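Coordinate analysis (summary)
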Amino acid sequence: MNYTIVASTSRDQSVSSQVAAQYQEILAELGVQARVLDLQDMPIDILETTLYKKVKQPNAAWEQMQEVVNATEKFVFVIPEYNGSFPGILKVWVDACKFPTSFKHKKAALLGISDGTQGSALAMGHFADVLNYAGTHTLALRPRLIQISKNMQDGRITNVEYLMFMRLQAEQLLTF
Ligand SMILES: Cc1cc2nc3c(=O)[nH]c(=O)nc-3n(C[C@H](O)[C@H](O)[C@H](O)COP(=O)(O)O)c2cc1C
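Residues numbered from 1 in each chain as written. Predicted model: local features only at pLDDT ≥ 70, side-chain atom pairs only at ≥ 80, totals over all residues.

What follows covers the environment of Val130. Locating Val130 in the fold gives a position in helix α5 (residues 121–134). Look at Val130 and you get partly exposed, because 15 C-beta atoms sit within 10 Å. Put simply, Val130 and Val94 are 36 residues apart on the chain and 8.6 Å apart in space, counted from C-alpha to C-alpha. (Helix = DSSP H or I, 4+ residues; strand = E, 2+ residues; numbered from the N terminus. Buried ≥ 20, exposed ≤ 12 C-beta atoms within 10 Å, placed from the backbone.)

Right, dumping it as structure tokens:
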């Protein structure tokens, strides 16, 4: 089974990237070698070459990302809360992915992070709708890691309950 953890923002040195790396370790403990797809590596020239264009020009960096998506059977999305929803770049990424093959009949787990007290609850709901529309089934357990910066040290989550929920979700994803 092919797993990809998506760090769902293009923000520099994002918390999502750090949490994605820690999630990768948890999956490794469970015997799964997952890759991380960081939206920081999104080729932004895709807006000029490909996305929403009638005539699409080749974009090698994007094609490489699309290949990762093609190969993925199960996703984990680490979703930071931006203005009460998920980051716009995540929607750009979905819009750029080939429809319908990219997400049809696939599975996904969603993990929310925020500095406030919602933990991306709405963001995960919004994104689950997008994924479901595109044909991906979403795991019911969606941990909300609220006040994330207060619960991390040196780029790692220190809150044991947060870690427990991440592991529980990872275990559920394996059999989903
Ligand atoms: C553009 C932007 C909008 C944000 N909006 C919210 C918000 O609506 N609610 C909230 O609790 N935190 C909000 N935050 C804080 C982020 O959720 C929090 O800092 C998160 O850890 C950022 O993750 P990242 O480093 O992966 O971007 C926002 C941050 C940014 C950059």
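Our next topic: the site of the ligand. Taken together, 16 residues form the shell around the ligand, and within it Ser14, Ser16, Pro80, Ser114 and Gly116 come nearest. A class-by-class count of the residues in the shell around the ligand yields 5 nonpolar, 8 polar and 3 charged. (Near = placed C-beta within 6 Å. Nonpolar A, V, L, I, M, F, W, Y, C, P; charged D, E, K, R; others polar.)

This part is about unusual backbone geometry. In this structure, the amide linkage connecting Phe99 to the following residue, Pro100, adopts the cis form with an omega of 5°. By secondary structure assignment, the location of Pro100 is in the loop between α4 (88–96) and β4 (106–113). You will see that Tyr52, though not glycine, has its phi angle at about 60°, which is positive. For Tyr52, the location among the structural elements is in the loop between α2 (46–49) and α3 (60–71). In this structure, Gln147 takes a positive phi of about 40° despite not being glycine. Mapped onto the fold, Gln147 is located in the loop between β6 (144–145) and β7 (152–153).

Now for the pairing of strand β1 (residues 3–7). With 5 of its 5 residues buried, β1 lies for the most part within the structure. Residues Tyr3, Ile5 and Ala7 of β1 are buried on one face, and the alternating residues Thr4 and Val6, pointing to the opposite face, are buried as well. The pairing of β1 with strand β3 (residues 74–80) spans 5 bridges and is classified as parallel. Note on β3: the bridge partner recorded for Ile5 is Val76. Pairing between β1 and strand β2 (residues 35–38): 4 bridges, direction parallel. When the bridges of β2 are listed, Val6 appears paired with Leu37. (Pairing = 2+ DSSP bridges.)

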